[in-house]
Amino acid sequence: MEKEEIERKNDNNQEDDAKEENKSEINNAKEEKVPKKENKGTKETHTNEKTKISKHTKFLLKAFIAILLFICFLVTCTIAATIGFVVEVIREVPSIEFSEINTLLNQHSVIYDAKGEALETIQTIEFRDIIEFDRIPPQVQNAFIAIEDERFETHRGIDFKRIVGAFLINIKERSPAQGASTITQQLIKNLYLSEEVDRENLMNDIRRKIKEAYLAIQVEKYMTKDEILHTYLNTINLGQGAYGVQEAAKTYFDKEVEELTIGESAILAGITKNPSRNAPYFLRLEENIEEEEENLIGYLHLIGNRYGVLYNPNAVVRQKIVLQKMQELGYITKDEYNLALQEDIKAKLKPREKENMEITSFLSDLAKDEVIAILMKEGFSKKEAERKLYTGGLRIYTTIDTAMQKRIEDVYENFGEILAGNIEKRTTPILTEWRSYNGSNGNLDRNNNLVDNRGKILYYKQDNLLTEENALIMDKSEYVINNDGLELKSNKFNIYSSYIGIKNYYKIDDKKNLVFHQVGNLSISKNDYRLNEDKTIIISNNFLEENSNFYEINAKEDLLISPKYFTFDDKGVVQPQSAMVILEHSTGKIKAMVGGRDVTGRRILNRATVGYRQPGSSMKPLAVYLPALDNGYTAASVIDDIPHYDIGGRLWPRNWYNGYRGLTSLRKIAVDSINVATVKLLKEIGIETSMEYLGRMGIINEKDPSLDSFISKEENPNVNDENLAALGLGGLTRGVSPLAMTAAYGAIANDGVYIKPTTIEKILDPQGSVIYQYHPEKSFVVEAEIAHIMTDILQDAVTYGTGNRASLYTGNQKIPVAGKTGTTNARADAWFAGYTPYYSAALWIGNDIPQLNLTEGSRIASIFWREVMLQIHEDLEAKAFEMSENLVKRAIDIDTGKLPTSLTKTDPRGNRARIEIFAPGTVPTEHGNTRVELRIDKTTNKLAGPYCPEEYVVSKTFIKTNPPYDPSKNAGILPHDFSYRAPLTKCSTHQENTGLPSIQEEKIEEFIDADIGR
């Protein structure tokens, strides 16, 4: 029974195993390719293995299901989190009136003066020329669509197909090599989200992309495709300060957008991906251009600097990609594609001088810049701030006093008459050096062309360059006509790799102003001429046949090139130039400004704000005298004006007068602008101390050096302003602006408190809500007492010193003036910077070309400063400078800086005691011990010896110095006060043949040893 039961169970097990085996075979049919054979001897083993496999399969199935569920959970969570993240980002989207985007370029802001009168309606941003959509030709529209958004006409703001394609390309390249933004998205980014671009932060970039996509979809609901494309093509950044296709066409090719070829259109479209890399040319400062630079195509002036224009070959590489895409999409044919590739872009580039499109005052231009800076501080991005200024309908209330501005401009109208007197009989220009060049000095060659100190022509005399009909003159020696065409070889041309420039000229106008005129390039394609190695220009016969009016030959056999083939500025820029700023120093409000003479018409340079020139001695109070007064020195401190030497052992610097004055008080050093003593004082206080105070007064911007004109060692280790010449004598490398000088002097006038100057009172939005209200931005410079002492010294500089011509009224009374003159080497610049109890002002006069010197220095600046300030103060009441009650008056000895002694009155020059003012804690408490009374042999002016006859011996008062001045160590140079210094030698003329020296002689020698010889 037992055996049967076991067999029965085995049979049952075998049956179950068979069923399980069939089931397993069915489930694994695809995997089992070879059927398994039964083997009696291993049947039980197979059965056990099948059981294990069955259990393992169930486990894997359950694990798979669990993992699948977990993945589904994670995906669900990720989707939910992504949706939440997207919603959160969308909530950050700026509020935008989508229906008004197409009118963004038409909503004007208004600038008002200090009395609330409308001063200017702002029309458009500079270097942007808004045009109607129908002026933009198809080839331009298609070029941008082809490279930036080929499905622009069909998508609804975002292009999903492009997004996927870009994603796959970027995965393949393992970098963001392909963008996916549509034109609509780019428009949103350019107008609203440009400040959010952050390639270094992936999450921030993703957030911006989400915002772009959301806003792009919304924009497409409110604007037509033409409206979107129109706004985009008028606002896109195309490099070199050009926004929009019209301005870019002028910037690169000097033509209207309608005149662009297919190749030129593709060049512009290729810029958008990276304007700094793909622009057809780059700018580089002239001094950084290497000789034989193969990509140099010319030069242009921009904001007072001369830049080399360098062709960018990468632009043509990008152009080819655009053209290929245009052909691929059917916008151009194969023939048009090949023709476009043949265009010589380098030859067609014509760099154009940038012009400010506004014709309003310099102050209005400054106010616009300040509004942008203010709005950025208020939280707006730069792009938003610009948009609000130029298209946001703002109401901008300024500090500008229109009546004062008008008075200043009226004075400037008579600039020449005020400074040069009767000009009717003059044959030379006013105020400008005008003499023949002799190899080192002078500025006129034998043909009266203006030359530099090397004899190189800067400006041609007009008659030497152009005829009365403005044709370009080539005399017989400058041209040859032969079978090859027309050969031109002349210094009147500036030869560049891709075009021919023409040199500029000057003339003298009816007011005897020297006037500089800019001349453009010769309008001829590079294909129509070639250059020999000696830079002879050979113009082809084909060009001459097709342009028969290119030249004519007159009776003198001069070849005259028609003015139709070049441009020139007929108006010109008068010289010398000048700039001035009027500041209400108690509030920091700029009231009036002149950025240049003859300000009507278009201009690009405001000399009052960015016309950096060397300030000369007007820098001394800021960099030397004021810091010294705040660091232990007083107005009575004495500096010895004696020979000083540079590191090479050469006498340096030199004073404006001959020789050296000797012992001089700080007050007198400032009043008379003594160079040597100023440099010695600067050495004593230290360069770092000087720079610290310049930082307090806004001349140096320590937080952002790019915002100042001072050059530190950190910025340029080799050429910088951290030296005695720059700080002690005002020889700053780049110079400083009249605005910066005005504000710095204003800090002294304002009791030692600097206020950052402003033109903006308040800004309102179109609804009248206040966006910004002015509050003075103040910073401490020195205590009021120190500022008042500096004012008293500078008042003396006007009453008795070098600035006497700046005094408004007789004796510098009624409304006193405090200030300082400044003249640079060879009279390249003339300054007067100063203030009254009401206003601070700095005025500069000079030629735009520093190599061209003035006939006079700071005298003319002082005179003109007075004329302007008289007009401003005409209706103001008499008012004196405030002086702190804490100031202490004391009598001092001006040669010692100490309290006077009985010998102070017996100085041969008279009583040397004066009343001086001191800040608390700086009043001298000791009597000077350097005055001595000595017996002198008046026949030899030496110390009397024991054998000098009594009738020759007199008692005199002297000053002894330690160390004593030794003329033998200074090439025999004697300071002016040398005869008042204690003599070092004893008379040897009178001798006793026998006997020993008397007791008197021994006492004299003891005195010399004790008090002088050490």
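With an unreviewed UniProt entry as reference, the protein chain is termed Penicillin-binding protein 1A, source organism Natronincola peptidivorans. Quoted straight from UniProt, the Subcellular location (unreviewed entry) entry for the protein chain says "Cell membrane". The UniProt entry for the protein chain carries the following text under Function (unreviewed entry): "Cell wall formation. Synthesis of cross-linked peptidoglycan from the lipid intermediates. The enzyme has a penicillin-insensitive transglycosylase N-terminal domain (formation of linear glycan strands) and a penicillin-sensitive transpeptidase C-terminal domain (cross-linking of the peptide subunits)."

(A) Broad picture of the overall build of the protein chain. Along its length, the protein chain carries 29 helices and 36 strands. Classification of the 1014 residues of the protein chain by burial places 49% in the buried group. Sequence-distant contacts, at least 24 apart, represent 67% of the contacts inside the protein chain between residues at least 6 apart. Total accessible area on the protein chain is roughly 50,900 Å²; 49% of this is exposed by carbon and sulfur atoms.

(B) Region of interest: the packing of helix α21 (residues 620–629) against helix α24 (residues 687–696). Close contact between α21 and α24 brings their axes to 9 Å; oriented N to C, the two are set at 105°. Considering their axes alone, α21 and α24 lie roughly perpendicular with respect to each other. Mapping the contact onto sequence places L622, A623 and P627 in α21 and T689, S690, Y693 and L694 in α24.

(C) Structural view of the nonpolar core. Judged by nonpolar contacts, the single largest core of 72 residues is most densely connected at L622 and M741. Among the elements that make up this core, the one with the highest residue count is helix α26 (residues 738–749) (nine residues). Taken together, domain 3 (616–734) and domain 4 (886–922) each give at least three residues to this core, which thus spans both. Residues contacting L622, with those up to four places away along its chain left out, are P627, Y693, L694, M697, M741, A744, Y745 and I748. Of all hydrophobic cores here, the second largest spans 57 residues; its members include F144, I188, L310 and Y499.

(D) Layout of the pattern of salt bridges. Applying the stated rule across the entire model yields 44 salt bridges. Across the pair E150 and R151 runs a salt bridge, and its minimum N-O distance is 3.4 Å. Its relative accessible area of 24% is what places R151 among the partly exposed residues. Each of D893, D895, D907, R909, R912 and R931 takes part in one network of salt bridges that share partners.

(E) Representation of the state of the cysteines. Enumeration according to the criterion identifies zero disulfides in this entry. With no disulfide of its own, C948 has C987 as its nearest cysteine by sulfur position, at a separation of 3.6 Å. Judged by relative accessible area, C948 falls into the buried class, the value being 5%.

(F) Spatial organisation of unusual backbone geometry. Look at the link from Q575 to P576: it is a cis peptide, with omega at -5°. Looking at the element boundaries, P576 is found in the loop between β20 (573–575) and β21 (577–584). The omega angle of the peptide bond from N962 to P963 is 5°, so this bond is cis rather than trans. Topologically, P963 is positioned in the loop between β36 (953–959) and α29 (999–1012). Residue N448 is not a glycine yet carries a positive backbone phi of 65°. Considering the arrangement of structural elements, one finds N448 in the loop between α17 (415–420) and β7 (450–451).

(G) Spatial organisation of the side chain of H230. Within the secondary structure, H230 sits in helix α7 (residues 225–235). A relative accessible area of 18% means that H230 is categorised as buried. A polar atom in the side chain of H230 sits 2.9 Å from the side chain of N234. Contacts of H230, omitting those with residues within four sequence positions, involve I131, E132 and F133.

(H) Geometry of the sheet that holds strand β2 (residues 118–121). Reading across the sheet, the five strands line up as β2-β1-β6-β26-β27 and stay open at both edges, with mixed pairing between neighbours. The sheet terminates laterally at β2 and β27 (770–773), the two strands that pair on one side only. The sheet shows a mean angle of 20° between the axes of neighbouring strands, taken without regard to direction. Pairing geometry for strand β26 (residues 760–764) and β27, over three bridges, is antiparallel. Within the sheet, the bridge partner assigned to K762 lies in β27 and is Q773.

(I) Examining a negative patch on the surface more closely. A contiguous patch of negative charge, built from D463, E468, E469 and E552, is present on the exposed surface. For D463, the position within the fold is in helix α18 (residues 462–465).

(J) Region of interest: the packing of aromatic side chains. Scanning the entire structure with this criterion turns up 18 aromatic pairs. Ring geometry for F566 against F568: centres 6.3 Å apart, planes inclined by 45°, an arrangement best described as tilted. Taking the relative accessible area as the measure of exposure, F568 reaches 25% and is therefore partly exposed. In this structure an aromatic cluster arises from ring pairing among Y299, Y496 and Y499. Note that R696 overlies the ring of Y693, its terminal NZ or CZ placed 4.3 Å from the centroid.

(K) Examining the packing of helix α16 (residues 402–413) against helix α28 (residues 858–873) more closely. Closest axis-to-axis distance for the α16/α28 pair is 9 Å, and the angle between their directions is 145°. Seen from above, α16 lies across α28 with right-handed handedness. Residues M404, R407, I408, V411 and Y412 of α16 pack against F864, E867, V868, Q871 and I872 of α28. Classifying every residue of the contact of α16 with α28 by side-chain character gives seven nonpolar, one polar and two charged.

(L) Structural context of a nonpolar patch on the surface. Together, L61, F64, I65, L68 and L69 line one region of the surface with nonpolar side chains, adding up to about 510 Å² of accessible area. Topologically, L68 is positioned in helix α2 (residues 43–91).

(M) Main features of the sheet that holds strand β31 (residues 840–846). Strand order in the open sheet formed by five strands is β22-β21-β31-β30-β29, with antiparallel pairing between adjacent strands. Since the sheet does not close on itself, it has two edges, and those belong to β22 (589–594) and β29 (818–823), each with one partner. The sheet shows a mean angle of 10° between the axes of neighbouring strands, taken without regard to direction. When β29 meets strand β30 (residues 829–835), the two strands line up antiparallel, connected through six bridges. Bridge pairing links G822 to W831 in β30. In the packing of α16 onto the sheet, the strands contacted are β21, β22 and β31, and the crossing angle to β22 comes to about 25°. Contacts between helix α27 (residues 784–799) and the sheet are confined to β29 and β30, with β29 contributing the most and set at about 60° to the helix.

(N) Local environment of the pairing of β30. The element β30 is extensively covered by neighbouring structure, given that seven of its seven residues are classed as buried. What sits between β29 and β30 in their antiparallel hairpin is a turn of five residues, with A826 showing a positive phi close to 60°. Sheet analysis places β30 next to β31, joined by seven bridges and oriented antiparallel. Along β31, the bridge assignment pairs Y835 with S840. Count of turn residues in the β30/β31 antiparallel hairpin: four residues.

(O) Structural detail: the pairing of strand β10 (residues 479–482). Pairing geometry for β10 and strand β11 (residues 485–488), over four bridges, is antiparallel. Residue I481 lies in a different strand from β11, and its bridge partner there is L486. The antiparallel pairing of β10 with β11 creates a hairpin that spans two residues between the two strands.

(P) Molecular detail of the side chain of K225. Along the chain, K225 falls in helix α7. If we skip the residues at most four places from it in the chain, K225 touches F152, E153, H155 and E220.

(Q) Inspection of helix α9 (residues 262–271) at higher detail. Counting buried residues along α9, 10 of its 10 residues qualify, which places the element largely inside the surrounding structure. Within α9 the residues assigned to the buried category are I262, G263, E264, S265, A266, I267, L268, A269, G270 and I271. Among the structural elements, α3 (138–148), α8 (245–253), α10 (275–278), α11 (314–328), α12 (334–341) and α13 (345–348) are those in contact with the buried residues of α9.

(R) Structural view of the environment of K986. Mapped onto the fold, K986 is located in the loop between β36 and α29. Each C-alpha atom, one on K986 and one on D937, is 8.9 Å from the other, the two residues being 49 residues apart in sequence.

(S) How the structure looks around the environment of V140. By the element assignment, V140 lies in helix α3. For V140, a relative accessible area of 1% gives the class buried. Along the primary structure V140 and V245 are separated by 105 residues, whereas in three dimensions their C-alpha atoms are 8.3 Å apart.

Each value, and the rule that gives it
Residues numbered from 1 in each chain as written. Predicted model: local features only at pLDDT ≥ 70, side-chain atom pairs only at ≥ 80, totals over all residues. Heavy atoms only, no water. UniProt positions renumbered as here; feature names shortened; annotations may be inferred. Helix = DSSP H or I, 4+ residues; strand = E, 2+ residues; numbered from the N terminus. Buried < 20%, exposed > 50% of the residue type's maximum accessible area, 1.4 Å probe, protein only. Contact = heavy atoms within 4.5 Å. Areas by Shrake-Rupley, 256 points an atom, 1.4 Å probe, with all protein chains shown as cover. Axes fitted to C-alpha atoms, helices over the stretch in contact; angles between N-to-C directions. Parallel < 35°, antiparallel > 145°, perpendicular 65-115°, else oblique. Core = buried A, V, L, I, M, F, W, Y, C linked by side-chain atoms within 4.5 Å. Domains from an automatic or database assignment. Salt bridge = Lys/Arg side-chain N within 4 Å of Asp/Glu carboxyl O. Disulfide = S-S within 2.5 Å. Polar contact = N/O pair within 3.5 Å; in protein donor to acceptor, adjacent residues only side chain to side chain. Pairing = 2+ DSSP bridges. Patch = residues over 30% accessible without salt bridge, like charges linked within 9 Å, V, L, I, M, F, W, Y side chains within 5 Å. Lys, Arg positive; Asp, Glu negative; His and termini not counted. Charge placed at Lys NZ, Arg CZ, Asp CG, Glu CD. Phe/Tyr/Trp six-rings, centres within 6.5 Å; stacked < 30°, edge-to-face > 60°. Lys NZ or Arg CZ within 6 Å of the ring centre and 35° of its normal. Left-handed = near helix turned anticlockwise from the far one by under 90°. Nonpolar A, V, L, I, M, F, W, Y, C, P; charged D, E, K, R; others polar.

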